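Coordinates in review
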Amino acid sequence: MSEPPLSPDELRARFGPNLNYTPPGGWRGPSRGVATRLVKTHCCFCGQQCGIQLKVQDDKVVGFEPWEEFPFNRGMLCPKGVRRYLQDNHPDRLLAPLLRTERGFEETTWDTAMSLTARRIREVQEKYGKDAVAVYGGASLTTEKAYLIGKLARVAVGTRHIDYNGRLCMVSAGVAYKLAFGVDRSPNPWSDIPRAQVVMILGANIGECAPITTDYVWRCRDAGGKIIVADPRMTPITRNADLYLPVRPGCDAALLMGMLHVVLRDKLEDRAFIDAHTLGFDEVAASVASYDPLTTARITGVPPEAIEKAAHWFGEAERAIAMHARGIEHHSKGVENCLAVINLALATGNIGREGAGCMMITGQGNGQGGREHGQKCDQLPGQRQISDPAAREHVARVWRVAPEEIPQAGYSAVEIMNAIHRGEIKALVCACFNPLVSLPDAEFTREALSKLEFFAVIDFFLSETAHHADVVLAGSLQEEDEGVTCSAEGRVIHIQEAVPPPGQARREWQIYCDLAARLGQAERFTYASSRAIFDELREASRGGIADYYGISYEKIDQQLGVFWPCPSEDHPGTPRLFEGGRFFHADGKAHFVPVVDRPGGDPVSDEFPIYLTTGRVVSQYLSGTQTRRIGPLVDQYPEPRLEIHPQLAEAQGISDADWVEVTTRRATMTVRAQVVRTIRPDTVFIPYHWAGKRSVNRLTHRTIDPRSKIPEFKVSAARLARAAGPPPWARDGTGGASARHLPVVGAAAAAPGRQGAP
Amino acid sequence: MTAGLQFFIDPSRCIGCRSCENACAECETHRGFPMIHVDYIDRPNSIATTPMVCMHCENPTCAQVCPADAIKQNEEGVVLSSLKPRCIACSNCVLACPFGVPKMLTALEQMMKCDMCYDRTSIGKRPMCATVCPSQALAFVSPDEIARQRREVPVNTFRFGAEEVRTKVSMMAPRGVEAVEIDVVDYMWEASS
């Protein structure tokens, strides 16, 4: 039923991705005149949430201007921020609801689209039960929308299955921080980074995925700080590392346990801190007893001397910071990896002080705010546990429902797709999420989507996932609505509506309210504005862990952001957590949690001897729904490539720029080799932003962490073979490499090895 | 706002993100085409990249070799793109520049290059590339600030053999380096005896 109604080429011709290169009207058009307004808001691409001014003319976003007063990035922007305005006025933009017909997707009225959606949801529920409908949200939605989609699912749709694409981001860190500290937030503001004497960066490609953080790290180095980088690849941030640890994929916990072993062996722990502010140290100490440097080196592939040195630098520093991202979190033991970081920070007393802490680098635009207020399958607003009777009672009161009307925890993102595949879930409402590209094992996802009896998508472009939809509800870009997001450092910031949604497109919260009304819950969804939703969210979060009660749009504007928790109107917010050694658990202590290292879900074997790891490039964002439509960003890195070490390449008979077949236990893809010495010889890397045959997520596997439910994107077992020639997709002219540039004579034209021009 | 501020390049900070190129291309005067560039130094062996803007030589070689006298310096010492009515697109400047900066746009039949965002600096704004640069490999700040914050020091004297080039833009170099010697001969005992 939910197969795409047209061929991929036909869909591409109408809905893109087409490449936008110029502001509206072209470089010499009227939009190049004086801007009517400069709107101070934030970049939509990534959890740094950089301040940016959007240039607006006649209700069109026509360019940008740096916002130098915003303290986090002080005008700095990565290429995605610079070019983000090209997603506006885009030819692919959905301007009205779409209905699947035999002739493809056709525009329809909101009334037709919404009444169909409500009717089909109820029909499926009457036939198969309430929980046969699932809802997917997204971490690019403002916090108001993330809050409201959680309420929509639980109150109006009445399903327990609501989860979101943040499940593919930092949830392993979230679970670990909750276990250890009782709260899911990076404990330190970014301004602490330059104050540290040692910064250890674990599995975080900061230069490409959190580019603005680079300056903070370099400032630490300017002040005499030492930089340690642990990663199977040398990413750009490695160029100034004082110590590089080339950890084997899947061995992060072992590396950190080895470091803790050395810290304890050499008595570098902070006994006073451990005794006064923590529980469970002895068990953790026992758990690392066998991880001597030689044993750890054998597991991790990191030299014993380097492990000793890293442990000594971290343990001897008065102020040390450990920063981590998806590299250690995207594992079936992602929670363990993060706990191992926390144990090291706690044992050395590096927490709750300026320049001392452990910090997760949340990746998605509203990755932090989007997970705090109720679109996670197991949480209610304010980071409350959905199983906690007191939490249910509080939220039920705000929602004006009975506590028992709020469903219990449902499935996580991957589990929802599994349940669709096995026929347990029959209908899906999906907002701002492109699971066909971003979930692991894409062929499985494709099969699942084609089994849905009803599928509604809410989005602003027709993503590859939306090709399978029965109805597509045209939503809004970030700059087309007001609201808040929360950045990676826990700073709640104000997103301004720069322009209204174009055509008949609607703000998502209006779509949710309309749907709720048609599902018979109009009186519980009576918001006139985002602000009204935020005011309810403040109440819903009040007294919770992520307490927003004291935050207002005005306070955010005045302070240039408010760090939560902010429990009262006269409270300035909390930039740094755990000061004075006070943690969020009822006992006020931090909890050491012992780590047991264990194998991953897709182990290497004789047949699949190579580690395949995946990640991002600087010019693309997540599944590329937006950034694969922005011409200059596509030109910068037009298609996925295989990073491979010359030793491995030589052994496989592969030369630079050869086409290579990469095969895992799921599928094969053909991709061009880039032979570089900056990756371990037992590991290859492919970035994941592309769809169809260019999607490396066809190769990844669905194993998830049992606690965080995050997929293991960072380790798959693979084998390689030189391909006879380019795959069909490389010959069909949609590779994205542009021929529009004028011929240029000069240094740049002659530069060898330039990215984007293989 | 920009009085007293200077341009500093520190290639060791560069992460190769091309934010500078993208931002440069947004300029209203060259519309979609960057006048600066980022290069991998040796991608097969390293992730190191380096950004390059015009160094704005005190006595610019590009202008010296221009047969059409099309390249001018303004009163602040900024070396400008070629004058469109004068430029004959001969590429002499492209070949002569010791830093490899000018580009000849063949379709426009004109050499264009970084003019340190004259449109912005002349109205008190910082150059676009240095404003957005996430690693501050490109920085437009006061010399005091650079001296206070960085562990490297600015150098604006470059010796290409016998030829000394002094520039408006500074390159960050290890402490103790006062001029960058480009010619290997400068480091040889025989040559200096």
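Just so it is clear, the structure is predicted and the values come from calculations on it, not from any experiment. (Residues numbered from 1 in each chain as written. Chains lettered and ligands numbered in written order. Predicted model: local features only at pLDDT ≥ 70, side-chain atom pairs only at ≥ 80, totals over all residues.)

Quick word on the overall build of chain B
Applicable threshold: For the purposes of this entry, the term helix denotes a DSSP run of H or I that reaches at least four residues, the term strand denotes a run of E that reaches at least two, and both are numbered from the N terminus. What the globule rule says is 2.2 Å times the number of residues to the power 0.38, and the radius of gyration is computed from C-alpha atoms. Counts of 20 or more other C-beta atoms within 10 Å of a residue's own C-beta define buried residues, counts of 12 or fewer define exposed ones, and intermediate counts define partly exposed ones; C-beta atoms are placed from the backbone. In this description, a residue-residue contact is defined by the distance between C-beta atoms placed from the backbone, which must lie within 7 Å.
Across its full length, chain B carries seven helices and nine strands. Against the compact-globule benchmark of 16 Å for 193 residues, chain B has a radius of gyration of 17 Å, which places it among compact chains. Counting across all 193 residues of chain B, residues that qualify as buried make up 46%. Pairs at least 24 residues apart make up 52% of the contacts formed inside chain B by residues separated by at least 6 positions.

A short note on the interface of chain A and chain B
The line we're drawing: Following the grouping adopted for this structure description, the nonpolar residues are Ala, Val, Leu, Ile, Met, Phe, Trp, Tyr, Cys and Pro, the charged ones are Asp, Glu, Lys and Arg, and the polar ones are all others, Gly among them.
Residue-level contacts link 46 residues of chain A with 43 residues of chain B. Contributing elements (two or more residues each) for the side of chain A that touches chain B: strand S3 (60-66), helix H2 (79-83), helix H6 (206-209), helix H7 (213-222), helix H22 (631-636), strand S29 (744-746) and helix H25 (747-750) of chain A. A per-element tally of the side of chain A that touches chain B places H7 of chain A first, with four residues. Along the lines of polarity and charge, the residues of the side of chain A that touches chain B split into 25 nonpolar, 12 polar and nine charged.

Looking at the pairing of strand S16 (residues 427-431) of chain A
Residue and element names in this part refer to chain A. Here is the rule: For two strands to be treated as a pair, DSSP must find at least two bridges joining them.
Most of S16 sits out of view: five of its five residues are buried. Going residue by residue along S16, you find Ala427, Val429 and Ala431 tucked away on one face and Leu428 and Cys430 tucked away on the opposite face as well. In this structure, strand S6 (residues 133-137) lies alongside S16, joined through four bridges in parallel fashion. The partner of Tyr136 across the bridge, within S16, is Cys430.

A look at the sheet that holds strand S20 (residues 491-495) of chain A
Paired through their backbone hydrogen bonds, the strands of a sheet run either parallel or antiparallel. Residues and elements named next belong to chain A. With respect to topology, three strands assemble into an open sheet ordered S19-S20-S21, the strand pairing being antiparallel. In the strand order of this sheet, the two ends are held by strand S19 (483-486) and strand S21 (562-563), each with one partner. In this structure, S20 lies alongside S21, joined through two bridges in antiparallel fashion. When the bridges of S21 are listed, Arg491 appears paired with Phe563.

Examining unusual backbone geometry
Following Gly16 of chain A, the chain continues into Pro17 of chain A via a peptide bond in cis, with omega recorded as 10 degrees. Topologically, Pro17 of chain A is positioned in the loop between helix H1 (8-15) and strand S1 (37-42). With an omega dihedral of 0 degrees, the bond running from Trp564 of chain A to Pro565 of chain A counts as a cis peptide bond. Inspection of the secondary structure assignment puts Pro565 of chain A in the loop between S21 and strand S22 (590-591). The phi angle at His56 of chain B is positive, at roughly 50 degrees, despite the residue not being glycine. Tracing the sequence through the fold places His56 of chain B in the loop between strand S3 (49-52) and helix H2 (61-65). In the Ramachandran plot, Gln136 of chain B falls in the positive-phi region, its phi being about 55 degrees despite a non-glycine side chain. Here Gln136 of chain B shows up in the loop between helix H5 (128-132) and strand S6 (138-141).

Details of helix H18 (residues 442-451) of chain A
Residue and element names in this part refer to chain A. We count it as follows: Relevant arc is that of directions from the helix axis to the C-beta atoms, nothing else.
Residues of H18 that are buried: Ala442, Phe444, Thr445, Ala448 and Leu449. Looking straight down H18, one finds its buried side chains confined to an arc of 150 degrees; they lie on one side. Contact partners of the buried residues in H18: helix H16 (413-421), helix H17 (435-438) and strand S17 (454-459).

A short note on the nonpolar core
For clarity, the cut-off: What makes a nonpolar core is a set of buried Ala, Val, Leu, Ile, Met, Phe, Trp, Tyr and Cys residues, with links drawn between C-beta atoms within 7 Å.
Counting residues in hydrophobic clusters, the biggest one holds 273 residues, and the most contacted among them are Val199, Ile201, Met259 and Val472 of chain A together with Cys129 of chain B. Looking at this core, the element that brings in the most residues is helix H14 (residues 334-347) of chain A, giving 10 residues. Core analysis: the second largest hydrophobic core is formed by 27 residues, Ile679, Phe685, Ala717 and Ala718 of chain A among them.

Structural notes on the domain arrangement of chain A
Interfaces are often sized by the amount of accessible area the parts lose when they come together. All names here are of chain A. The cut-off we apply is this: Delimitation of the domains relies on an automatic or database domain assignment.
Domain parsing of chain A yields domain 1 (8-87), domain 2 (98-168 + 366-581), domain 3 (171-360) and domain 4 (610-750). Its C-alpha centre places domain 1 at a distance of 25 Å from the equivalent point of domain 2. Taken together, the contact pairs 21 residues of domain 1 with 21 residues of domain 2. Contributing elements (two or more residues each) for the side of domain 1 that touches domain 2: H1, S1, strand S2 (51-57) and S3. Looking at the side of domain 1 that touches domain 2 residue by residue, the class counts come to 10 nonpolar, seven polar and four charged.

What about the sheet that holds strand S5 (residues 104-107) of chain A?
Residues and elements named next belong to chain A. For clarity, the threshold we go by: Only C-alpha atoms enter the line fits that serve as axes; for helices the fit covers just the stretch in contact. Angles between N-to-C directions range over 0 to 180 degrees.
Reading across the sheet, the seven strands line up as S5-S4-S18-S17-S16-S6-S7 and stay open at both edges, with mixed pairing between neighbours. In this open sheet, the two edge strands, each paired with only one partner strand, are S5 and strand S7 (162-164). Looking at each pair of strands side by side, their axes are set apart by 20 degrees on average, direction ignored. Running at roughly 130 degrees to strand S18 (residues 471-474), helix H3 (residues 110-128) makes contact with strand S4 (98-101), S6, S16, S17 and S18 of the sheet.

Looking at the packing of helix H11 (residues 293-300) of chain A against helix H12 (residues 304-316) of chain A
Packed helices, taken two at a time, are described by the angle between their axes plus the distance between the axes. Residue and element names in this part refer to chain A. To be explicit about the condition: Geometric relationships in this document are graded by angle, where less than 35 degrees denotes roughly parallel, more than 145 denotes roughly antiparallel, 65 to 115 denotes roughly perpendicular, and other angles denote oblique. Definitions for this section: a left-handed crossing has its near helix turned counterclockwise from the far helix by less than a right angle. A right-handed crossing has that turn clockwise.
Relative to each other, H11 and H12 sit at 115 degrees, their axes nearing to 8 Å. If you check the angle between H11 and H12, you find them roughly perpendicular. Handedness of the crossing formed by H11 with H12: right-handed. Contacts from Pro293, Leu294, Thr296 and Ala297 in H11 reach Pro304, Ile307 and Glu308 in H12. Class assignment of the residues belonging to the contact of H11 with H12 gives a composition of five nonpolar, one polar and one charged.

Looking at the pairing of strand S23 (residues 610-615) of chain A
All names here are of chain A. Here S23 lies mainly inside the structure; six of its six residues are buried. Both S23 and strand S28 (residues 716-722) contribute to a ladder of three bridges, which runs antiparallel. Each bridged residue has a counterpart across the sheet, and for Tyr611 the counterpart in S28 is Ala717. Here five bridges tie S23 to strand S27 (residues 683-687), and the two strands are oriented parallel to one another. Bridging from a neighbouring strand, Tyr611 pairs with Thr683 of S27.

Considering helix H15 (residues 389-399) of chain A
Residues and elements named next belong to chain A. Among the residues of H15, those classed as buried are Ala391, Arg392, His394, Val395 and Trp399. Angularly, the buried residues of H15 cover 165 degrees about the axis, an arc narrow enough to put them on a single face. The outward face of H15, more than 90 degrees from its buried face, is lined by the exposed residues Pro389, Ala390 and Glu393. Tucked inside the fold, the buried residues of H15 contact helix H4 (143-157), strand S14 (379-380), strand S15 (384-385) and helix H20 (530-541). Trailing H15 by a residue or two, Arg400 shows a phi angle of about 55 degrees, which is positive.

Re the environment of Ile193 of chain A
Residue and element names in this part refer to chain A. Turning to its location among the elements, Ile193 is positioned in the loop between helix H5 (171-181) and strand S8 (198-202). Spatially, the C-alpha atoms of Ile193 and Phe64 are 28 Å apart, while their sequence positions differ by 129 residues. With residues up to four places along the chain from it excluded, the contact list for Ile193 reads Val199, Tyr216, Val217, Cys220 and Ile321.

Let's talk about the packing of H4 of chain A against helix H19 (residues 508-518) of chain A
All names here are of chain A. Remark: H4 packs on H19, axes separated minimally by 10 Å, with the N-to-C direction vectors making an angle of 15 degrees. When the axes of H4 and H19 are compared, the pair comes out roughly parallel. Considering the relative orientation of H4 and H19, their crossing is left-handed. Across the interface between the two elements, Glu144, Lys145, Leu148, Ile149, Leu152 and Ala156 of H4 pack against Glu508, Trp509, Tyr512, Leu515 and Ala516 of H19. Looking at side-chain class alone, the contact of H4 with H19 contains eight nonpolar, no polar and three charged residues.

A look at the confidence of the model for chain A
Residue and element names in this part refer to chain A. This is how it is decided: Confidence scores per residue from the predictor, reported as pLDDT, run from 0 to 100.
Chain-level statistics for chain A give a pLDDT mean of 95 and a share of 96% at 70 or above. Counting interchain partners and residues more than four positions distant, the pLDDT-below-50 stretch residues 734-744 has 23 contacts. Taken together, the stretch residues 746-758 has pLDDT below 50 and engages in 26 contacts with residues farther than four places along the chain or on a different chain.

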